[in-house]
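# Architecture and fold: a report
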Amino acid sequence: MFEVGVIEEPAAAEVALDPVRARLLGLLAEPHSATSLAALLDLPRQKVNYHLKTLEAHGLVELVEERRKGNMTERVLRATAASFVISPVALAAVQPDPARSPDRLSARWLLALAARLVKETGQLITGAARAGQPVATFALDGTVRFASAGDRAAFAQELTAAVAALVSRYHDDNAPGGREHRVIVAIHPSITKNQTEES
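Note that the structure is predicted; figures quoted are calculated from it, not measured. The numbers attached to residues start from 1 for each chain and follow its sequence in the written order. Note on the predicted model: pLDDT of at least 70 is required for a residue's local features to be given, and 80 or more for side-chain atom pairs to be given and counted; whole-chain, interface and lining totals, by contrast, use all residues. Note that water and hydrogens are dropped before the side-chain values are worked out from all heavy atoms of the structure.

Secondary structure elements follow DSSP: runs of H or I no shorter than four residues count as helices, runs of E no shorter than two count as strands, and numbering proceeds from the N terminus. In terms of regular secondary structure, the protein chain is built from 7 helices and 5 strands. Seen in sequence order, the protein chain has helices and strands lined up from the N terminus as β-α-α-β-α-α-β-β-β-α-α-α. Against the globule reference of 16 Å for 199 residues, the protein chain gives a C-alpha radius of gyration of 22 Å, more extended than a compact globule. Considered along the principal axes of its C-alpha atoms, the protein chain spans approximately 70 × 50 × 30 Å. Two residues form a contact once any of their heavy atoms are found within 4.5 Å. Within the protein chain, residue pairs in contact and separated by at least 24 positions form 59% of the contacts whose partners lie at least 6 positions apart. A radius of gyration in this sense is built from C-alpha atoms; the matching globule rule multiplies 2.2 Å by the number of residues raised to 0.38.

With that settled, the discussion passes to the packing of helix α2 (residues 19-27) against helix α3 (residues 34-41). The interhelical angle for the contact between α2 and α3, taken along N-to-C directions, is 115°, at an axis separation of 11 Å. Considered as vectors, α2 and α3 are oriented roughly perpendicular to each other. Handedness of the crossing formed by α2 with α3: right-handed. Where α2 abuts α3, its residues Arg23, Leu24 and Leu27 lie against Leu37, Leu40 and Leu41. Residues are grouped as follows: Ala, Val, Leu, Ile, Met, Phe, Trp, Tyr, Cys and Pro are nonpolar; Asp, Glu, Lys and Arg are charged; every other residue, Gly included, is polar. Taken together, the residues of the contact of α2 with α3 sort by class into 5 nonpolar, no polar and 1 charged. Axis lines are fitted through C-alpha atoms, for helices just across the contact stretch, and the angle between N-to-C directions can take any value from 0 to 180 degrees. The labels follow the angle: roughly parallel below 35 degrees, roughly antiparallel above 145, roughly perpendicular from 65 to 115, and oblique for the rest. Handedness of a crossing follows from how the near helix is turned relative to the far one, being left-handed for an anticlockwise turn of less than a right angle and right-handed for a clockwise one.

A separate point is the pairing of strand β4 (residues 72-79). In this description, strands pair whenever DSSP reports at least two bridges between them. With 2 bridges joining them, strand β2 (residues 32-33) and β4 adopt antiparallel strand pairing. Counterpart to His32 in the pairing with β4 is Leu77. In this sheet, β4 lies alongside strand β3 (residues 61-69) in antiparallel orientation, the contact comprising 8 bridges. Within β4, the position partnered with Arg67 by the bridge is Glu74. Counting the residues between successive antiparallel strands, the hairpin from β3 to β4 contains 2 residues, one of them, Gly70, with a positive phi of roughly 65°.

Each strand in a sheet pairs with another by means of backbone hydrogen bonds, the pair being arranged parallel or else antiparallel. On the basis of which strands lie adjacent, the open sheet formed by 3 strands has the order β2-β4-β3 and antiparallel pairing. At either margin of the open sheet sits one strand with a lone partner, and together these are β2 and β3. Against the sheet, helix α4 (residues 45-57) engages β3 and β4, with an angle of about 135° to β3.

This part takes up α4. Counted at 1.5 Å a residue, the expected span for α4 with its 13 residues is 18 Å, and the 18 Å between its end C-alpha atoms agrees. Only protein chains enter the area calculation, which uses a 1.4 Å probe; residues under 20% of their type maximum are buried, those over 50% are exposed, and those in between are partly exposed. For α4, the complete set of buried residues consists of Val48, His51, Leu52, Thr54 and Leu55. Angular distribution of buried residues about the axis of α4 spans 160°; they occupy a single face of the element. Residues of α4 that are exposed and point more than 90 degrees away from the buried face comprise Gln46, Tyr50, Lys53 and Ala57. Looking at the buried positions of α4, the neighbouring elements they touch are α1 (10-17), α2, α3, β3 and β4. Of the residues one or two after α4, Gly59 is the one with positive phi, at around 75°. To estimate the expected span of a helix, subtract one from its residue number and multiply by 1.5 Å. What the arc measures is the spread of directions leading from the helix axis to the C-beta atoms.

Dropping the structure here:
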C-alpha cells in the first residue's frame, strides 16, 4: 500500500468522490471483506460488494486474500493507498494553468502552482512506479511568524534573492546528461486549528 495514491483518470475520480465509496476507501486502510464492511456501515452486503467491485475496477482497492468460508469464498480487500489526491489531470479541460496569469502576489496563482505541483508529482510517481524507480524530490515545510507586513515583504525579497543566487550557482545549461528540476517556494498564511474545524 502506498502512503498517497494519485487519481488521474476522470472516471476513477468520479468513483472515489461518491460518499459511500469514499467511506469504504477510508475503512480499507485496513483489510476488510464485504461482510465486515457491511456491518460497519450498516448496509446490505450486496450493495457494499457492488461498490467494492467498482473501486477495484478503477485500481483504488486490491485483493489481499481469499478465504474459504463453508461453501463460499470470501474476498478480503484493502485500498491501494492510505490516502488519495485527485490530480488536475482528471479535470484536463479546466485544470489550472499558472502560465495564464503569473502574479507572485496572487493567492489564485499560488493555487494554480500547487495544482501543477500535484499534477507533475503525480505523473512522476506513476511513471516511477511503472519503472520500479524512486523519484528524486526534496521539500521544505516550516512556519515563520512575521511582526508586520513590512517584515513579510522584506523576507520575500531576501528569499527571492537567496533562491536566485542558488539557481545561478548550480544551473548549468550545458551539463551533459543534466536534468531540469522545478523549484517552487511559497508563502501563505497558516490555517489555524479553529479555522480547520470550522470548514
